[in-house]
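Structural characterization, general
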Amino acid sequence: MAKISKTSAKERIEFLSKELERHNRNYYVMNAPTISDFEFDLLMSELQTLEKMFPEFASQQSPTRHVGSDLETSKARNGMEFEQVAHRYPMLSLGNTYSKEEMYEFFNRITRTVTQKITFSCELKFDGTAICLTYRNGKLVHALTRGDGTKGDDVSRNVANIKSIPTELHGKNIPEEFEIRGEIFMPFDAFERLNAEKREKGEEPFANPRNAASGSLKLQNPQEMKERGLDCVLYHMLGENLPFATHSEAIAAAGSWGLPTSVYSETLDTIEAALEYIGKWDVKRKSLPFATDGIVIKVNELNVQRQLGMTAKSPRWATAYKFKPEQALTPLLSIDYQVGRTGAITPVANLEPVQLSGTVVKRASLHNLDQMQLLDIHIGDYVYVEKGGEIIPKITGVEKSRRPDSATLPDFPAKCPDCGAFLVRDEDEAKHYCPNSDGCPTQIKGRFIHFASRKAMDILAGDATMEQLFDKGYIRHLQDIYRLNKEQLMTLDGWQEKSADNFLESLEKSKEVPFERVLFAIGIRHIGEQNAKMLATHYGSIDALMDAPREDLLQIDGIGDAMADSIMAFFDNPENMATIDELRTRGLKFEIEEDRVRRISDKLAGCTVVISGNYSISREAMKALIEAHGGKNSGSVSGKTTYLLAGEKSGPEKLKKAQTLGVKVISEEDLYRMLEE
Ligand code: IVH
């Protein structure tokens with residue numbers, strides 16, 4: 001590193017520390033990083049070097065000395081919290097490098113201090129989110145995220161829904177108690193499915209499978225989480241007096257008890273063989289069905305691991321060799337500002353076509369104005385493009401040394417490029433929005449396309465048909481679809497009697513679509529398929545949902561402030577009410593059909609039950625059970641509550657309120673007894 005004065009070093013250290021903390025938060029808490037891992041690691045390595053040169057400025061709280069924290073996520077994003085539990089052993093990170101030379105340094109440091117013959121466990125570095133599982137007497141007792149390394153969020157309920165993680169172990173010599181750590185990840189196919197669904201709903205897709213995995217793990221709705229197709233691999237066992245001499249023996253034993261372990265690991269004898277493993281997987285990883293971001297090399301002998309110990313942040317017996325992301329450098333020609341179905345504006349860069357990992361890239365997302373300013377991007381700049389697991393590549397940097405004199409700063413539009421309305425930006429949102437949801441053609445067309453889509457009303461019409469119907473002026477409001485006649489349809493390009501008949505038939509059929517899908521179809525901002533399902537089950541009808549006070553909405557798992565606000569705003573809009581009225585008259589379903597809630601008995605008829613805490617079944621299943629026996633679920637304890645069903649870790653506030661109001665508190669067992677009687 002070039003010479004640097006004391007004052008500048010101090011300033012730079014402070015700046016880098018702040019920047020790294022900010023990026024840690026974007027990565028671990030918001031699940032939406034704004035820089036690549038490579039850029040992050042570069043900043044971190046600069047800070048490490050400066051702190052070594054000027055130890056007097058290295059603080060105890062420096063990001064070089066602690067791992068990024070994923071705590072807060074639930075509170076920050078959903079307004080809810082997971083219970084935080086202390087880790088028995090600190091949950092560390094790994095040192096990392098992008099260079100073969102530094103790998104040699106890692107090996108040399110070890111061979112200098114260790115005299116005994118050692119071997120190396122060479123493993124894939126899975127790109128997901130870290131998890132720590134505790135098994136006692138062969139049973140999964142809890143699952144914690146890494147959190148801040150000393151305490152993590154208890155995500156046991158969600159982990160129980162990951163197919164590959166057994167809640168019970170079978171086999172020989174299972175220690176009475178042990179911890180096993182690993183990675184929860186989302187395979188590419190599940191990731192693409194999820195993002196396609198998100199796009200269909202007009203939601204922001206996840207930037208990469210890692211963000212998708214950690215975002216999903218912190219969902220408040222275990223059923224929704226289950227459908228996300230997460231997987232797990234475990235790679236580090238800890239415990240007191242475990243009967244193993246090597247790491248690979250411990251992992252092999254874990255595999256024999258039914259735990260998911262990596263089939264790609266190899267125990268190798270020499271440094272050269274370990275480096276060969278790295279070279280081999282740098283190529284082969286591209287055909288794996290999940291994301292990896294490097295290779296982990298660990299000293300295999302546990303006594304040597306103990307001897308080497310660890311630093312404040314990472315073990316000295318392991319390191320990660322990380323793969324540099326593939327990049328291409330190409331000129332930025334122009335920027336388009338696209339309007340989405342919900343009015344969100346996304347800047348999209350038009351690039352001079354360039355080859356990247358086997359495909360030609362012409363366009364790349366710039367996400368939002370903040371991102372453009374962060375990059376200090378100019379039209380005419382040479383920009384670095386990367387594929388981050390997403391279909392649309394992203395711009396990760398600007399090569400300022402090649403900025404031509406003619407380069408110009410882009411003008412972020414003040415008005416919607418489609419309808420001309422002034423754009424708005426909410427305080428906590430990164431994106432600009434076109435607020436003209438009832439008049440902006442792109443937004444209206446988007447709503448029709450969504451309404452007709454397979455998971456919504458499943459109407460036999462592609463995007464182009466909906467656009468044509470709109471452009472011809474036949475449809476303005478959702479209810480207009482049901483007013484269309486054959487003559488109008490036959491004016492569409494290439495349509496004949498048969499296609500018009502098929503369309504009208506599918507319109508008729510759509511009247512059978514259940515309430516939960518109708519609720520999804522009408523396009524309340526932020527309400528996706530799962531939330532619509534939950535709201536439909538909870539309230540039973542659109543009338544009950546319309547009448548629900550905001551506080552009541554917030555009691556529902558997964559419904560946060562933004563969703564509650566948009567539900568309230570939706571029903572406050574007279575145009576939406578007119579749409580619902582007409583659609584109802586046309587025969588669409590605005591309430592759950594009685595026979596869809598299968599009645600088992602009337603044992604809870606007339607009872608209002610408030611559930612609180614966790615049960616042996618999911619909370620959704622518990623609510624369904626209550627309804628199946630004729631009971632009603634409610635989110636908050638009031639004078640009308642018959643029972644408070646207190647599960648494990650039930651909320652102290654609800655218990656207190658129940659006591660004050662004299663509401664009977666029953667346990668899960670009490671309920672089953674009542675139902676059996
Ligand atoms: S060993 C004490 N092995 O990478 C160190 N970590 O960037 C225990 N990771 O925190 C970690 N694959 O979340 C280990 N085969 C592997 C891994 C792995 C992915 C993650 C892990 C770690 C992070 C460090």
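Heads up: these notes are all about the structure in this document. (Residues numbered from 1 in each chain as written. Predicted model: local features only at pLDDT ≥ 70, side-chain atom pairs only at ≥ 80, totals over all residues. Heavy atoms only, no water.)

1. Here we look at the site of the ligand
Among the 15 residues in the neighbourhood of the ligand, the closest are listed as E123, K125, E183, Y235 and K298. The separation between an oxygen atom of the ligand and a polar side-chain atom of E183 is 2.7 Å. The side chain of K298 places a nitrogen or oxygen atom 3.0 Å from a nitrogen atom of the ligand. A total of 530 Å² of accessible area belongs to the ligand in isolation, and the protein chains cover 90% of it. Counting residues per element, the ones that place at least two in the shell around the ligand are β3 (120-126), β8 (231-238) and β10 (292-299). Partitioning the shell around the ligand into residue classes produces 8 nonpolar, 2 polar and 5 charged. (Near = heavy atom within 4 Å. Polar contact = N/O pair within 3.5 Å; in protein donor to acceptor, adjacent residues only side chain to side chain. Areas by Shrake-Rupley, 256 points an atom, 1.4 Å probe, with all protein chains shown as cover. Helix = DSSP H or I, 4+ residues; strand = E, 2+ residues; numbered from the N terminus. Nonpolar A, V, L, I, M, F, W, Y, C, P; charged D, E, K, R; others polar.)

2. Things to note about the side chain of H23
Topologically, H23 is positioned in helix α1 (residues 6-29). Setting aside anything within four residues of it in sequence, one finds H23 in contact with T34, I35, F40 and L43. (Contact = heavy atoms within 4.5 Å.)

3. Digging into the packing of aromatic side chains
In the structure shown here, the tally under the stated rule is 18 aromatic pairs. Between F185 and F290, the aromatic rings sit 5.3 Å apart at their centres with planes inclined by 55 degrees, giving tilted as the arrangement. Highlighted residues: F185 in strand β7 (residues 177-185) and F290 in the loop between α10 (271-284) and β10, separated in sequence by 105 residues. On the accessibility criterion, F185 (6% relative accessible area) is buried. Ring centres 5.4 Å apart and planes at 90 degrees place the aromatic pair F570 and F571 in the edge-to-face group. The exposure classification of F570 matches that of F571, with both residues buried. A network of ring pairs unites the aromatic residues F126, F185, Y264, Y277, W281 and F290 as a single cluster. Sitting over the face of the ring of F470, R476 holds its NZ or CZ atom 4.1 Å from the ring centroid. (Phe/Tyr/Trp six-rings, centres within 6.5 Å; stacked < 30°, edge-to-face > 60°. Buried < 20%, exposed > 50% of the residue type's maximum accessible area, 1.4 Å probe, protein only. Lys NZ or Arg CZ within 6 Å of the ring centre and 35° of its normal.)

4. Considering the pattern of salt bridges
Within this structure, the stated rule accounts for 37 salt bridges. Two residues, D543 and R584, come together in a salt bridge whose shortest N-O distance is 2.9 Å. With a gap of 41 residues between them, D543 in helix α19 (residues 542-547) and R584 in helix α22 (residues 574-585) connect regions that are remote in the sequence. The class for D543 is partly exposed, based on a relative accessible area of 31%. Accessibility expressed as a relative area gives 30% for R584, which makes it partly exposed. Taken together, the salt bridges that share partners define one network made up of D376, D381, K400 and R403. (Salt bridge = Lys/Arg side-chain N within 4 Å of Asp/Glu carboxyl O.)

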